[in-house]
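Inside the fold
Listed below are the residues making up each chain.
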Amino acid sequence: MRRRRPIPPPPLPQRDGVDPVRLRLPAGDRWATVREHLVQRLSAGPGVVDGMFTAGLIVGADGRPVPAETPYAPGMFLWFHREPPAEVPVPFPLEVVHRDEHIVVADKPHFLATTPRGGHVVQTALARLRRELGVPELGAAHRLDRLTAGLVLFTVRPGERGAYQTLFRDRLVRKEYEAVAPYDPALDLPRTVRSRIVKERGVLTAEEVGGEPNAVTRVELAEHRADGLARYRLVPGTGQTHQLRVHMNALGVPILGDPLYPEVAAPAPAGDFRRPLQLLARKLEFTDPVTGVEHRFTSGRTLAAWPSHEDWAAGQ
């Protein structure tokens, strides 16, 4: 069996806590030069790609600029930094609730993405923590939706990241969420919701379909008020995309501030941080796979609609 070529270390430093893009040229002889391939592969356009070559921004494993006319070589590694999109800073603190030589646990605010993706690159929890803590090799062990606030686990040492990611893959982490949603006295709680959830690539919403369940959520009523709102405790047994939001919507009590369920709302303008989704990753519990320590973390955040629905609705 042919051995896979090892990935060289990145020859470019991080920029604002964001790693450089790494590309490996695929097998094939459709391209005569590296430039031809990148023009076809990248969505930036020929002028942008040519400008990157001219400025020496595309480098090889040795860190030296790669000329545009370099003959195409399958398996060759390239690195470069994308120009980040214009991002409005998320004006909320990112609290660190625990830090040791192996992990960092952060209490993420609403509207802050966990890792760089799409239009959110520098304004992400990972990039901010790398900059603020001075830990360039920090990595995310799992992800939390951008609109959801609460606890996220990061790893300090790249060689240990797989061990922590395996905890989430094997469902060895107990996660508890809190949500604010309408109160329905006819809804029989507590209950365990089981369904099959499918999220198609490129489609904003996930949906429940027939078939064997792949999503399990325990839903409990924590308390309710006379104004028709309730606070719910949600304990997911699985981790499907938008699982908690889909299940709460299916029960007829969609989470306050949800721009997708039950209906897709118009995109909020950049910088609109009003009426955040009232969903919080409240607790995170697991046995540390490296140290054996029993960890129990709790978010210190409060869902704004619970103490004052009026202020939350007014965007204050």
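Look up a bit, the structure's there.
Since the structure is predicted, the reported quantities are computational estimates derived from the model, not experimental observations.

1. Let's talk about the overall build of the protein
- Summing up its helical and strand segments, the protein has six helices and 13 strands in all.
- Considering only C-alpha atoms, the protein reaches an extent of 70 × 45 × 40 Å along its principal axes.
- A burial count over the protein gives 43% of its 316 residues as buried.
- For the protein, the proportion of contacts with a sequence separation of at least 24, taken over those separated by at least 6, is 63%.
- Accessible surface, the protein: about 16700 Å² in total, of which carbon and sulfur atoms supply 50%.
- Put simply, the protein has 42 plus and 37 minus side-chain charges, and the middle of one group is 5 Å from the middle of the other.

2. Notes on unusual backbone geometry
- Residue Leu189 is joined to Pro190 through a cis peptide bond whose omega torsion reads 5°.
- Within the fold, Pro190 resides in the loop between β7 (174–182) and β8 (191–198).
- Between Tyr261 and the following residue, Pro262, the backbone shows a cis peptide bond with an omega angle of 5°.
- Mapped onto the fold, Pro262 is located in the loop between α5 (243–250) and β12 (279–287).

3. Things to note about the nonpolar core
- Counting 35 residues, the largest nonpolar core has Leu138, Phe154, Tyr232, Leu234, Met248 and Leu279 as its most contacted members.
- Contributing elements (two or more residues each) for this core: β4 (103–108), α3 (125–133), β6 (149–155), β7, β11 (229–236), α5 and β12.
- Core analysis: the next-biggest nonpolar cluster, separate from the first, contains 16 residues, Trp31, Val34, Val49 and Ile58 among them.

Quick notes on the rules
Residues numbered from 1 in each chain as written. Predicted model: local features only at pLDDT ≥ 70, side-chain atom pairs only at ≥ 80, totals over all residues. Heavy atoms only, no water. Helix = DSSP H or I, 4+ residues; strand = E, 2+ residues; numbered from the N terminus. Buried < 20%, exposed > 50% of the residue type's maximum accessible area, 1.4 Å probe, protein only. Contact = heavy atoms within 4.5 Å. Areas by Shrake-Rupley, 256 points an atom, 1.4 Å probe, with all protein chains shown as cover. Lys, Arg positive; Asp, Glu negative; His and termini not counted. Charge placed at Lys NZ, Arg CZ, Asp CG, Glu CD. Core = buried A, V, L, I, M, F, W, Y, C linked by side-chain atoms within 4.5 Å.

None of the figures reported here should be taken as evidence of function without further support.
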